[in-house]
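Here is how the chains run, residue by residue.
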Amino acid sequence: MSVPPASVEQAQKAMSSTLLICEHCDTVHRRRPLARGEVARCMRCNAVLERHQRIGLDTMLALVVTVMVVFVQANVWPIITLGLNGEQIHATLWGIIIMMWKEHSQVVSVLAAATLFFFPLCKMGILGWLLIFGRQGKRAPGFVPLMVVLHYIAPWTMSEVFVLGVLVSIVKAHMYFDVTPDVGVFAYAALALLITVFAGIDLRQLWDKIPEEPA
């Protein structure tokens, strides 16, 4: 008795949705529902396979919008104000990046621009695109390659490192200038906090929460 191709495909999808494969050692595990706060780990290498997620698509989209609003404010407002002999200089993120480029620190300026502006902007833009379609119960165009991009750029959003560096710089520069933290640094602190919240969300859940439409 032959099985229709459609039935075989449906069976394969059902089987894949009940299995978890460790991305570190390729061990296959059977998936089970997780309780609140529970984490599934690989039996062989103890890597995290899956976490219980309470955040739905609507909440994730609201977080993305919030991050984008704070992101714009952090890049528009000055980060610090330097005072010397009655003169004040308001330093923004891009002002600092351009200054480093002109001072022959091109590598540092490119890394700063990438990790503090382009990678976070790319991550939030991609997430927003996927979630807008996901709330409608369908996958966005380019879903698979965009999920791969999210996987690779996730470790490169370093706003929290930047905030720590600014605070250290303020302490050191205070020996030579009148240094005042501006609104931008507080916006970046809020941005770092929001990105940390996102870091605790397993974005791989989008594969399950936004299922592929049947052919």
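To be clear, the structure that these remarks concern was listed above.
Residues numbered from 1 in each chain as written. Predicted model: local features only at pLDDT ≥ 70, side-chain atom pairs only at ≥ 80, totals over all residues. Heavy atoms only, no water.

A.B. asks: Sorry, what's going on with the packing of helix 4 (residues 106–134) against helix 5 (residues 143–153) here?
C.D. replies: Any two packed helices are characterised by the angle at which their axes cross and by the distance between the axes. Interaxial distance between helix 4 and helix 5 falls to 10 Å at its minimum, and their mutual angle equals 145°. The handedness of the crossing between helix 4 and helix 5 comes out as left-handed. From helix 4, Phe119, Cys122, Lys123, Ile126, Leu127, Trp129 and Leu130 reach across to helix 5, where they touch Phe143, Leu146, Met147, Val149, Leu150 and Ile153. Residues that form the contact of helix 4 with helix 5 fall into these classes: 12 nonpolar, no polar and one charged. (Axes fitted to C-alpha atoms, helices over the stretch in contact; angles between N-to-C directions. Helix = DSSP H or I, 4+ residues; strand = E, 2+ residues; numbered from the N terminus. Left-handed = near helix turned anticlockwise from the far one by under 90°. Contact = heavy atoms within 4.5 Å. Nonpolar A, V, L, I, M, F, W, Y, C, P; charged D, E, K, R; others polar.)

A.B. asks: Please explain the nonpolar core as it appears in this structure.
C.D. replies: Leu127, Leu130, Leu131, Leu150, Leu191, Phe198 and Leu206 are the most contacted members of the largest nonpolar core, which has 41 residues in total. Sorting the residues of this core by element identifies helix 2 (57–76), helix 3 (93–102), helix 4, helix 5 and helix 7 (183–199) as the ones contributing at least two each. Top element by residues in this core is helix 4. It accounts for 10 residues. Core analysis: the next-biggest nonpolar cluster, separate from the first, contains seven residues, Cys22, Cys25, Ala40 and Ala47 among them. (Core = buried A, V, L, I, M, F, W, Y, C linked by side-chain atoms within 4.5 Å. Buried < 20%, exposed > 50% of the residue type's maximum accessible area, 1.4 Å probe, protein only.)

A.B. asks: I tried to follow the state of the cysteines on my own but got confused; where do I start?
C.D. replies: Two cysteines form a disulfide when their sulfur atoms are joined by a covalent bond. Per the counting criterion, the structure on display carries zero disulfides. Cysteine Cys22 remains unbridged, with the sulfur of Cys45 as its closest cysteine sulfur at 3.5 Å. (Disulfide = S-S within 2.5 Å.)

A.B. asks: Got a minute to help me understand the packing of helix 2 against helix 7 in this structure?
C.D. replies: At a minimum axis separation of 8 Å, helix 2 and helix 7 run at an interaxial angle of 155°. What the angle tells us is that helix 2 and helix 7 run roughly antiparallel. The hand of the helix 2/helix 7 crossing is left-handed. Residue-level contacts link Met60, Leu63, Val64, Thr66, Val67, Val70, Phe71, Gln73, Ala74 and Asn75 of helix 2 to Gly184, Ala187, Tyr188, Ala190, Leu191, Leu194, Val197 and Phe198 of helix 7. The residue makeup of the contact of helix 2 with helix 7, split by class, is 14 nonpolar, four polar and no charged. (Parallel < 35°, antiparallel > 145°, perpendicular 65-115°, else oblique.)

A.B. asks: Is there a simple way to explain helix 2 in this structure?
C.D. replies: What sets the pattern is the α-helix's 3.6 residues per turn: residues three or four places apart point alike. The end-to-end C-alpha separation of helix 2 is 29 Å, in line with the 28 Å expected for 20 residues at 1.5 Å each. Taken together, the buried positions of helix 2 are Leu57, Met60, Leu61, Leu63, Val64, Val67, Val70, Phe71, Ala74 and Asn75. The elements touched by buried residues of helix 2 are helix 3, helix 4, helix 7 and helix 8 (206–209). (Expected span 1.5 Å × (residues − 1).)

A.B. asks: Just to check I follow, could you spell out the environment of Thr27 for this structure?
C.D. replies: Within the fold, Thr27 resides in the loop between strand 1 (19–21) and strand 2 (28–30). Taking the C-alpha atoms as reference points, Thr27 and Arg44, separated by 17 residues in sequence, lie 7.2 Å from one another. Ignoring any residue separated from it by four or fewer positions in sequence, one finds Thr27 in contact with Leu20, Ile21, Cys22, Cys42 and Arg44.

A.B. asks: Just checking my understanding: could you explain empty space enclosed by the protein for this structure?
C.D. replies: Which parts of space are left empty comes out when a probe the size of a water molecule is rolled across the atoms. Under the defined criterion, the tally for this structure stands at one cavity of 30 Å³ or more. As a volume, the largest cavity reaches approximately 50 Å³. Forming the walls of the largest cavity are Val67, Met68, Phe71, Pro120, Leu121, Lys123, Met124, Thr157, Leu191 and Ile195. Those elements that provide at least two residues to the lining of the largest cavity are helix 2, helix 4 and helix 7. No other element matches the four residues that helix 4 contributes to the lining of the largest cavity. Classifying every residue of the lining of the largest cavity gives eight nonpolar, one polar and one charged. (1 Å grid on protein atoms, 1.4 Å probe; cavity = no way out; pocket = protein on both sides within 12 Å on 5 of 7 lines; lining within 4 Å. Points joined across faces, edges and corners; volume = space filled by probe spheres on them.)

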